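Structure at a glance
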Amino acid sequence: MRLSVQEAAFDLGQEANRFSNDIKGAGAIVTFTGVVRDNGGQLTAMEIEHYPGMTEKAISEIMEEAVARWDLADALVIHRYGVLRAGEPIMMVATAAPHRGDAFAAAEFLMDYLKSRAPFWKKEISAAGADWVAAQESDEAALTRW
Amino acid sequence: MRLSVQEAAFDLGQEANRFSNDIKGAGAIVTFTGVVRDNGGQLTAMEIEHYPGMTEKAISEIMEEAVARWDLADALVIHRYGVLRAGEPIMMVATAAPHRGDAFAAAEFLMDYLKSRAPFWKKEISAAGADWVAAQESDEAALTRW
Amino acid sequence: MIEVLYFAWLRERIGTNRERVATEAATVADLVAELEARSDGHALAFADKTSLRVALDQELANFAAPLAGVREVAFFPPMTGG
Amino acid sequence: MIEVLYFAWLRERIGTNRERVATEAATVADLVAELEARSDGHALAFADKTSLRVALDQELANFAAPLAGVREVAFFPPMTGG
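Predicted model, so just to flag it, every value in this text is computed and none were measured.

So, the relation of the copies chain A and chain B
In the superposition of chain A on chain B (RMSD 0.0 Å, axial shift 0.0 Å), the rotation amounts to 180 degrees. Such a turn and shift between the copies fits a two-fold axis. Of every C-alpha in chain A, the one belonging to G13 of chain A sits nearest the axis of rotation, 1.7 Å from it. Taken as a fraction of all interface residues of chain A, those also at the interface in chain B reach 100%, which identifies the copy contact as same-surface.

Considerations on the nonpolar core
Ranked by internal contacts, the top residues of the largest apolar core, which has 68 residues, are V93 of chain A together with V93 of chain B. Setting aside its immediate chain neighbours within four residues, V93 of chain A contacts V30, T31, F32, L76, V77, A107, L110, M111 and L114 of chain A.

Looking at the interface of chain A and chain D
Contact residues are listed per partner, giving 26 residues for chain A and 21 residues for chain D. Roughly 1900 Å² of surface becomes buried between chain A and chain D when both sides are summed, with 55% attributable to carbon and sulfur atoms. Where chain A packs against chain D, one counts two salt bridges. In this structure, the salt-bridge partner of E49 of chain A is R11 of chain D, at a minimum N-O distance of 2.5 Å. Taken together, the connections running from chain A to chain D amount to 14 residue pairs in polar contact (both at pLDDT 80 or more). If one sorts the elements of the side of chain A that touches chain D by residue count, helix α3 (residues 100-117) of chain A sits on top with five residues. A per-class count over the side of chain A that touches chain D returns 15 nonpolar, four polar and seven charged.

With respect to the pattern of salt bridges
Taken as a whole, this structure holds 28 salt bridges over all chains when the rule is applied. Among the salt bridges present, the one from D139 of chain A reaches R100 of chain B, with a minimum N-O distance of 3.0 Å. With one member in each of two chains, D139 of chain A in helix α4 (residues 137-142) and R100 of chain B in helix α3 (residues 100-117) form a pair that bridges those chains. Note on D139 of chain A: relative accessible area 14%, which makes it buried. Across the salt bridge formed by E88 of chain B and R80 of chain B, the nearest N and O atoms sit 3.0 Å from each other. Assessed through its relative accessible area of 24%, E88 of chain B is described here as partly exposed. Judged by relative accessible area, which is 3%, R80 of chain B ranks as buried. A network of salt bridges, in which partner residues are shared, links R100 of chain A together with E108, D112, D139 and R145 of chain B.

Digging into the interface of chain A and chain B
Each side of the interface is counted separately: chain A has 32 residues, and chain B has 32 residues. Of the roughly 2500 Å² buried between chain A and chain B, counting both surfaces, carbon and sulfur atoms make up 56%. Of all residues in chain A, the largest losses of buried area upon contact with chain B belong to R37, R100 and F104 of chain A, amounting jointly to 27% of the total for that side. Linking chain A with chain B are four salt bridges. Run the count over chain A and chain B and you get 15 residue pairs in polar contact (both at pLDDT 80 or more). If you list the elements that add at least two residues to the side of chain A that touches chain B, you get α1 (12-22), β2 (28-35), α3 and α4 of chain A. Taken together, the residues that form the side of chain A that touches chain B break down as 14 nonpolar, 10 polar and eight charged. Summarising the sheet, β2 of chain A and strand β2 (residues 28-35) of chain B pair through seven bridges and their orientation is antiparallel.

Some thoughts on helix α2 (residues 28-36) of chain D
Those residues of α2 of chain D not exposed but buried are V28, L31, V32 and L35 of chain D. The buried residues of α2 of chain D occupy an angular sector of 105 degrees when the element is viewed end-on, so they sit on one face.

A look at unusual backbone geometry
All names here are of chain C. With a phi close to 55 degrees, A8 is a non-glycine residue in the positive phi region. Relative to the helices and strands, A8 resides in helix α1 (residues 8-14). At Q58, a residue that is not glycine, the phi angle is positive and equals roughly 70 degrees. Its location among the elements puts Q58 in the loop between β3 (53-56) and β4 (59-61).

Details of the packing of α1 of chain A against helix α1 (residues 12-22) of chain B
As a packed pair, α1 of chain A and α1 of chain B sit with axes 7 Å apart at the nearest point and diverge in direction by 150 degrees. When the interaxial angle is binned, α1 of chain A and α1 of chain B end up roughly antiparallel. The hand of the α1 of chain A/α1 of chain B crossing is right-handed. Contacts between α1 of chain A and α1 of chain B involve L12, G13, Q14, A16, N17 and S20 of chain A from the first element and L12, G13, Q14, A16, N17 and S20 of chain B from the second.

The rules we used
- Residues numbered from 1 in each chain as written.
- Chains lettered and ligands numbered in written order.
- Predicted model: local features only at pLDDT ≥ 70, side-chain atom pairs only at ≥ 80, totals over all residues.
- Heavy atoms only, no water.
- Least-squares fit on C-alpha atoms with pLDDT ≥ 70 in both.
- Contact = heavy atoms within 4.5 Å.
- Core = buried A, V, L, I, M, F, W, Y, C linked by side-chain atoms within 4.5 Å.
- Buried < 20%, exposed > 50% of the residue type's maximum accessible area, 1.4 Å probe, protein only.
- Buried area = accessible area lost by both parts, 1.4 Å probe.
- Salt bridge = Lys/Arg side-chain N within 4 Å of Asp/Glu carboxyl O.
- Polar contact = N/O pair within 3.5 Å; in protein donor to acceptor, adjacent residues only side chain to side chain.
- Helix = DSSP H or I, 4+ residues; strand = E, 2+ residues; numbered from the N terminus.
- Nonpolar A, V, L, I, M, F, W, Y, C, P; charged D, E, K, R; others polar.
- Pairing = 2+ DSSP bridges.
- Arc of directions from axis to C-beta.
- Axes fitted to C-alpha atoms, helices over the stretch in contact; angles between N-to-C directions.
- Parallel < 35°, antiparallel > 145°, perpendicular 65-115°, else oblique.
- Left-handed = near helix turned anticlockwise from the far one by under 90°.

Okay, here's the thing in structure tokens:
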């Protein structure tokens, strides 16, 4: 299990291969990558603020719960903070399991909890100004299915 | 949209990056990779037979249905045939969408249909002999949720 | 004439991956009855019909499907891709 | 003394990311009432309490939670990670 909260960019392919090489014969690997959308060319950058200390604590708890609930061989969470450009990866989740159902469910669970329970706040910067991204009610509602 | 039915090995990281570079600002990218399990060191190799012609046709239809049902920016399916060693990737599905729910659902849909509706047959080769993999009732049952 | 294809353990039991068959069979089930009579291998391959799948011109079908106009019939066990 | 942290638009409205506060407040709600009185920025930041979240020593909590033994209180809007 690996968690990285980092400012530096990361490479999806490199991280996917590193994760997949570490687990031997797990059968099923799921990755989710969140990318900064350009909103039709309007977005200049995204700034992500976080709460150092609590971020790592909250994500570790979410990962431990995933490992307890599903039959997983391994799990990975990478989440960036700082200034990101359109098209750059924001974060990534990966899960490995003997069976695809567990890998998919755990990845979706991690995403749903990261969205609403990990202390990150996104600000979108465009030519028109800077706006904090509002939380989606659908993201909070997504938690009720677990 | 890209489909490749191939004998050659492929690199998960390279394919994930190629897929992700092609879609601009999709927000959410999901990949699923199936890997040959070593069954606790027992498996020597896996041999995959397929039905050339029908394979491409069946998978294309499944991909078109996924694109019709979910809001996707792109989709990718790679599936190998021939002799594969333990630890090698068998196949890969990738989906890109503005929202994560669509990317996850479409990837799971593609997997469920590939499992039971694409004409591939797996044979496991171990020191003890060679056995055709039996279809799982759970794989057939998985289709009912769509 | 119909091209008949076999895959996986059907292919192994029958000992060939394809054969051209002269038939007047109206449905898949009729064709299966004819094929079963061809050899012990055929009989063994078609013994358990619940574990058989059929495709007509590369589209999944069922055993009641008519064969009129069909050029290629494939028999195989349940698929195990993914 | 309690360390109070602010994030995102709370931080911007209040004009600082942290302050040390001498307080006898029994609960989070009591502390919020004291903080609101500190400046117009504080009052604005805490105006809409439905859009506020609180963490006590880095664990999510609610406004009725007691402050006994707590060293670090953080206020922030609903999280938007992922």
